[in-house]
Number of protein chains: 2
Amino acid sequence: MSRRLLFLVPLHEPQACCTVSSESCFPHGAGPASVEMTPSQRIAAAFSPDNMRQLGGRLIDLLSEHLQAVELSEKSVLNWNEPQENIARAGVILDEAAGSTFSTDLASRFESLIEEMLARGHNLHDPRYIGHQVPAPVPIAGLFDALGSITNQVMAIYEMGPWATSVERSLIERLGSRIGWKPDKFGGLVTHGGSLGNLTALLTARNIALGDAWEAGLTSNGKPPVILAHADSHYSVARAAGIIGIGSAQVLKVGLDERRRMDPQKLDELLSVMHSRNVPVVAVSAASCATPIGAFDPLDQIAEVCRRHEAWLHVDAAHGGAALLSRKYHHLLSGIDQVDSLVWDAHKMMFVPALCAFVFYRNRDHRLETFQQDAGYLFDPSVPELAEFDSGTSTIECTKRAATYGLWGTWAMFGEELFEDLVDVTFDLTREFHDRLLGEPDFEPLHEPQCNILAFRHVPPELRDAAEEDIARFLLALRRELIRSGEFYIVQAKIAGRQALRVTIINPLTKTEHLEGLIEAIRRFGRTILQS
Amino acid sequence: MSRRLLFLVPLHEPQACCTVSSESCFPHGAGPASVEMTPSQRIAAAFSPDNMRQLGGRLIDLLSEHLQAVELSEKSVLNWNEPQENIARAGVILDEAAGSTFSTDLASRFESLIEEMLARGHNLHDPRYIGHQVPAPVPIAGLFDALGSITNQVMAIYEMGPWATSVERSLIERLGSRIGWKPDKFGGLVTHGGSLGNLTALLTARNIALGDAWEAGLTSNGKPPVILAHADSHYSVARAAGIIGIGSAQVLKVGLDERRRMDPQKLDELLSVMHSRNVPVVAVSAASCATPIGAFDPLDQIAEVCRRHEAWLHVDAAHGGAALLSRKYHHLLSGIDQVDSLVWDAHKMMFVPALCAFVFYRNRDHRLETFQQDAGYLFDPSVPELAEFDSGTSTIECTKRAATYGLWGTWAMFGEELFEDLVDVTFDLTREFHDRLLGEPDFEPLHEPQCNILAFRHVPPELRDAAEEDIARFLLALRRELIRSGEFYIVQAKIAGRQALRVTIINPLTKTEHLEGLIEAIRRFGRTILQS
């Protein structure tokens, strides 16, 4: 077949053409006048490269203007609208597209949609966004991501996403070596988030610990097995236990030291108790770092304990993994090369858009212990040598996005050093903020920060002798008012029973003056609440 | 704090500026000459809205040119390179960015990266891409997706992604009503793919069927429970059973009728046997449609059987769900309003980029039976009325992408009718292709297509009396050569023990002439193989 034979309808049937160009077949802003598209017109318009170019150009311009304003704090951080109002609005916009009888052209329609999406979203690039462990991502990472979306590069088997697979593998190789592992010894995969990462790794550990659990299920296997976890583990650890049939109540919390790190001696004792009672231990789940205050477990000592007890050691390094790339903060993860599995989210401290989470296994064969495979329609038996490169054998997803395009592109543009820079500036500034709060009598940092997470309290003089319950109510109300105002975005946490405000400095544009502004705003919102 | 006080470094420190403009501080193509960026320069360059605009503009231009050529079949469908070669190349590109000492400017670097990504990817928009159940997506959907990526709109709790949550809810409302359900009666959620969707729904069924399984785990619960599934179920069903502790071998296959649909009578009998043996049935998993030949189960009859046996009925409608939007093909899903749960992938027959999978529950309360929640740092106890809108309570992901931006934007641009068009043209053409193959003595369609999936064999005269094993080897080799040539992309499947070639017409630009070209190419590649 000649490759030139095939023509795209809109290019050669101008009458049926619905482009955004000046010859658009839609009347321009002509009030109630409207034109209903035919099926072939709709398909032609939707798949037209020319439309994509023109609308894409507008998108980039609008996004760039938006980013500029957001980075200069000219807009609200969070655009707060009540859920019912937002949902109704999103629905009205869909319904008014019925019959695609617009009284305006596609370009105007597109612009108004983009503007509404931006006006109702969350502005993470505002330096006053100091909230969850979700970064203001490198915008250029999103461009690489968009290439994957628009051309729909996916994985499952190598031939569907040869470059997507290869990009992912090249990153696994490099990040694995930063963990301290030798090529060809370790294995890795990418999945849609840290929660799925913890689930995947703990499932691997379950299958290895419990023999035929995958095929036969977990019933009638003798003593119920347990997972021993950091007392401040992310909720996805207990959730994974609930999912994989261990039971969320079968997650036993290991005691913490005074800095809320897993205490190796308490772990040792707990493992001994389990052993003496013949209770199977599926895994020990440590944290680098735990969510509430960003505490990094002493992995060297924990690994030594686990080795002695022959227990699988998993580490949730979703947030802290990237510190491996910093000469200054690498030490926080000392011992990570001795763990059996770990999770490392690039969409946290590597500043790429969600979701891009890595799971690593010290022993590369373990990657294939998680799932078993039987999909004749997918895996071609005539080329067994390619199976090694089929992501579907080791990931919980079948079809998977090219989730590492953003990370790969960012690394390729700016070098690995950018990630070190981002860790250093955000960790450093958090330490500075901590020291600053120490000097304010109405602020109390609840811990010395190990990374870019800081939990603290603001207790104005009027509340100094108040009950904890009242202080908690005050702080929750203060935060709620503050974020709804759009002036700052911070979160809340309960640390050892005490209500706290909590920041994660996860935007490299956040500077000292923004944190000064935060102190001022917290006091101001506090006064208003006390006066009301 | 004054909102104008804050300046972005690159805008006001020209000496430290690394933009892509003509004043770029990088020498242009000056051979070995190079400049190493400082940390603050790297961060400024990476987060510069101006850089995003200029690189984004280039991305859109390059993508548009690429799409134009691909839609006209001017390039290879699949760009085949051996995995080792691709992986090495992806790694070299990362390594040469070390120190970000480029001998060229950011814009040139960006362009070369984009060009390489496009040159090594898979071109799903080529009308000769007729492969897996992964569409040539609406390119404009990818633009809406990009907005979500670049600004990093995510969910878990409402306040992190108020608009992302609302867009998702507005789509759940509308798609649920297309299933035939009344507002406020059903529930839904969006997850990263159909495999996770099946896992989520079967986990819900497990928790409801087995009482305290979530907390206590599955050990010592008496007779091992089972899942009864369509014999051609997607592998994610058995995999889900392996994950949730039921056991992959505890998935019992329900017999099929002559069109490979689940046989309601055989289901009835199997359920009776389970009942008589006191075996708990977690769920019946039907298909709309099953993967191999796209067979749609008779849901009306299956639902009646399940009701009688009080069994949870789940339907994997990942591929076929979108037929609900077609007046012509709606009937294939008759009875779907009676199921307990279903999965419907928008990233299949609604033609948006991966991944965007819906899970629906007929009873909205079931949405909250899947997981249990304890994440003090996430969920603010002072506003319990917002918990209803926190996606994290019902999705396996914690942080979740704004996975419905592409679908919402496409619907808002072109109306729901576009999805009907896409179903109709692809289903219709598959039927036409089937009829066409009937007239060719060396081609044998293995079934009458119910949708856009067709499995068939090509058996040249020389192989008419060959053993099945030889025909299978021939067809696998033929397909392998065909896809590596870049001329067409099709897949393979084994249907009732017979090796087949298989197409999914999932690009609306595919026309009769491309299918004629496919017949010719298959014969040509077949001859070459027989002669070699």
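The rules we used
- Residues numbered from 1 in each chain as written.
- Chains lettered and ligands numbered in written order.
- Predicted model: local features only at pLDDT ≥ 70, side-chain atom pairs only at ≥ 80, totals over all residues.
- Helix = DSSP H or I, 4+ residues; strand = E, 2+ residues; numbered from the N terminus.
- Rg over C-alpha atoms; globule rule 2.2 N^0.38 Å.
- Buried ≥ 20, exposed ≤ 12 C-beta atoms within 10 Å, placed from the backbone.
- Contact = placed C-beta atoms within 7 Å.
- Least-squares fit on C-alpha atoms with pLDDT ≥ 70 in both.
- Domains from an automatic or database assignment.
- Nonpolar A, V, L, I, M, F, W, Y, C, P; charged D, E, K, R; others polar.
- Pairing = 2+ DSSP bridges.
- Axes fitted to C-alpha atoms, helices over the stretch in contact; angles between N-to-C directions.
- Expected span 1.5 Å × (residues − 1).
- Core = buried A, V, L, I, M, F, W, Y, C linked by C-beta atoms within 7 Å.
- pLDDT = per-residue confidence, 0-100.
- Right-handed = clockwise from strand over helix to strand, strands pointing away.
- Parallel < 35°, antiparallel > 145°, perpendicular 65-115°, else oblique.
- Left-handed = near helix turned anticlockwise from the far one by under 90°.

**A few points about the overall build of chain A**
Assigned secondary structure in chain A consists of 17 helices and 13 strands. Relative to the compact-globule value of 24 Å for 532 residues, chain A shows a C-alpha radius of gyration of 26 Å, a close match. If one aligns the C-alpha atoms of chain A with their principal axes, the spans along those axes are about 80 × 75 × 45 Å. Burial status across chain A gives 62% buried among its 532 residues. For chain A, the proportion of contacts with a sequence separation of at least 24, taken over those separated by at least 6, is 74%.

**Comments concerning the environment of A:Thr370**
All names here are of chain A. Looking at where Thr370 falls in the secondary structure, it is placed in the loop between strand S8 (357–361) and strand S9 (400–401). When the 28 C-beta atoms within 10 Å are taken as the criterion, Thr370 is described as buried. With residues near it in sequence (within four places) discarded, Thr370 still touches Thr200, Leu203, Thr204, Asn207 and Ser394.

**What to know about the relation of the copies chain A and chain B**
Here chain A sits on chain B after a turn of 180 degrees about the axis and a move of 0.0 Å along it, with an RMSD of 0.0 Å. Such a combination of turn and shift is consistent with a two-fold rotation axis. Of the residues that chain A buries at the interface, 100% are likewise interface residues in chain B, meaning the two copies contact each other through the same surface.

**Section: the domain arrangement of chain A**
Residue and element names in this part refer to chain A. Taken domain by domain, chain A holds domain 1 (9–117), domain 2 (181–397) and domain 3 (418–531). Centre-to-centre, using C-alpha coordinates, domain 2 lies 31 Å away from domain 3. In this complex, domain 2 contributes 19 residues to the contact, which on the side of domain 3 involves 15 residues. For the side of domain 2 that touches domain 3, the residue count by class is 13 nonpolar, three polar and three charged.

**Some remarks on the sheet that holds strand S6 (residues 313–316) of chain B**
Residue and element names in this part refer to chain B. In spatial order, the strands read S2-S8-S7-S6-S5-S3-S4; together these seven strands make up an open sheet with mixed pairing. What marks the edges here is a single partner per strand, and that holds for strand S2 (187–191) and strand S4 (251–254). Taking each pair of neighbouring strands and ignoring which way they run, the sheet shows an average axis angle of 20 degrees. Relative to S6, strand S5 (residues 281–287) is paired through four bridges, and the arrangement is parallel. Bridge pairing in S6 places Ala286 opposite Val315. Contacts from helix H10 (residues 235–243) reach strand S3 (226–230), S4, S5 and S6 within the one sheet, and its direction differs from that of S4 by about 155 degrees. With respect to the sheet, helix H11 (residues 264–276) is in contact with S3, S4 and S5, its orientation differing from that of S4 by roughly 145 degrees.

**Focus: the interface of chain A and chain B**
Taken residue by residue, the interface counts 163 residues in chain A and 164 residues in chain B. Per-element accounting of the side of chain A that touches chain B gives the leading share, 15 residues, to helix H3 (residues 49–71) of chain A. Tallied by class, residues from the side of chain A that touches chain B come to 88 nonpolar, 48 polar and 27 charged.

**A closer look at the sheet that holds strand S4 (residues 251–254) of chain A**
Residues and elements named next belong to chain A. Strand order in this open sheet of seven strands is S2-S8-S7-S6-S5-S3-S4, and the pairing throughout is mixed. Each edge of the open sheet carries a strand with a single partner, namely strand S2 (187–191) and S4. Along the sheet, successive strands turn relative to each other by an average axial angle of 20 degrees, direction set aside. Direction of pairing for strand S7 (residues 341–345) relative to S8: antiparallel, over a ladder of five bridges.

**Some thoughts on helix H7 (residues 162–179) of chain B**
Each full turn of the α-helix corresponds to 3.6 residues, which orients residues three or four apart in the same direction. Across its 18 residues, H7(B) extends 26 Å between first and last C-alpha, which sits within 8% of the 26 Å expected from 1.5 Å per residue. Among the 18 residues of H7(B), 14 are classified as buried, and the element is accordingly described as predominantly covered.

**What to know about the nonpolar core**
In terms of nonpolar packing, the biggest core is built from 348 residues, with A:Ile227, A:Leu313, B:Ile227 and B:Leu313 touching the most fellow members. Those residues in contact with B:Leu313 that lie beyond four places of it in its chain are B:Val284, B:Ala286, B:Ile302, B:Ala303, B:Cys306, B:Val339 and B:Asp340.

**Details of the confidence of the model for chain A**
Residues at a pLDDT of 70 or more form 91% of chain A, whose mean pLDDT is 91. The ipTM for the predicted assembly is 0.93, set against a pTM of 0.94.

**What to know about the pairing of strand S6 (residues 313–316) of chain A**
Residues and elements named next belong to chain A. In S6, alternate side chains face the same way, and those of Leu313 and Val315 on one face and His314 and Asp316 on the other are all buried. Handedness of the β-α-β unit built from strand S5 (residues 281–287), helix H12 (residues 299–309) and S6 comes out right-handed. Pairing analysis gives three bridges linking S6 to S7, with the strands arranged parallel. Paired with Val315 across the strands is Leu342, a residue of S7.

**With respect to the packing of H3(A) against helix H6 (residues 139–151) of chain B**
If you want to describe how two helices pack, look at the angle between their axes and the distance between the axes. Contact pair H3(A) / H6(B): the axes reach a minimum separation of 9 Å and the direction vectors enclose 15 degrees. When the interaxial angle is binned, H3(A) and H6(B) end up roughly parallel. The crossing of H3(A) and H6(B) is right-handed. Note on element contacts: H6(B) touches H3(A) through B:Pro139, B:Ile140, B:Leu143, B:Ala146, B:Leu147 and B:Ile150, opposite A:Asn51, A:Met52, A:Leu55, A:Gly56, A:Leu59 and A:Leu63. Residue composition of the contact of H3(A) with H6(B), grouped by class: 10 nonpolar, two polar and no charged.

**Details of the packing of helix H8 (residues 194–209) of chain A against helix H10 (residues 235–243) of chain A**
Residue and element names in this part refer to chain A. Taken N-terminus to C-terminus, the directions of H8 and H10 make an angle of 50 degrees; their axes are 9 Å apart at the nearest point. Judged on the interaxial angle alone, H10 and H8 are oblique. Of the two elements, H8 crosses H10, and the hand of that crossing is right-handed. Residues Gly194, Ser195, Asn198, Leu199 and Leu202 of H8 form the contact with H10, whose own contacting residues are Ser236, Val237, Arg239, Ala240 and Ile243. Across the contact of H8 with H10, the residue classes break down as five nonpolar, four polar and one charged.

**Points about unusual backbone geometry**
Omega for the peptide link from A:Ala354 to A:Leu355 comes to -5 degrees, which places this bond in the cis form. Along the polypeptide, A:Leu355 turns up in the loop between helix H13 (346–349) and S8. Look at the link from B:Ser288 to B:Cys289: it is a cis peptide, with omega at 10 degrees. Assignment of secondary structure puts B:Cys289 in the loop between S5 and helix H12 (299–309).

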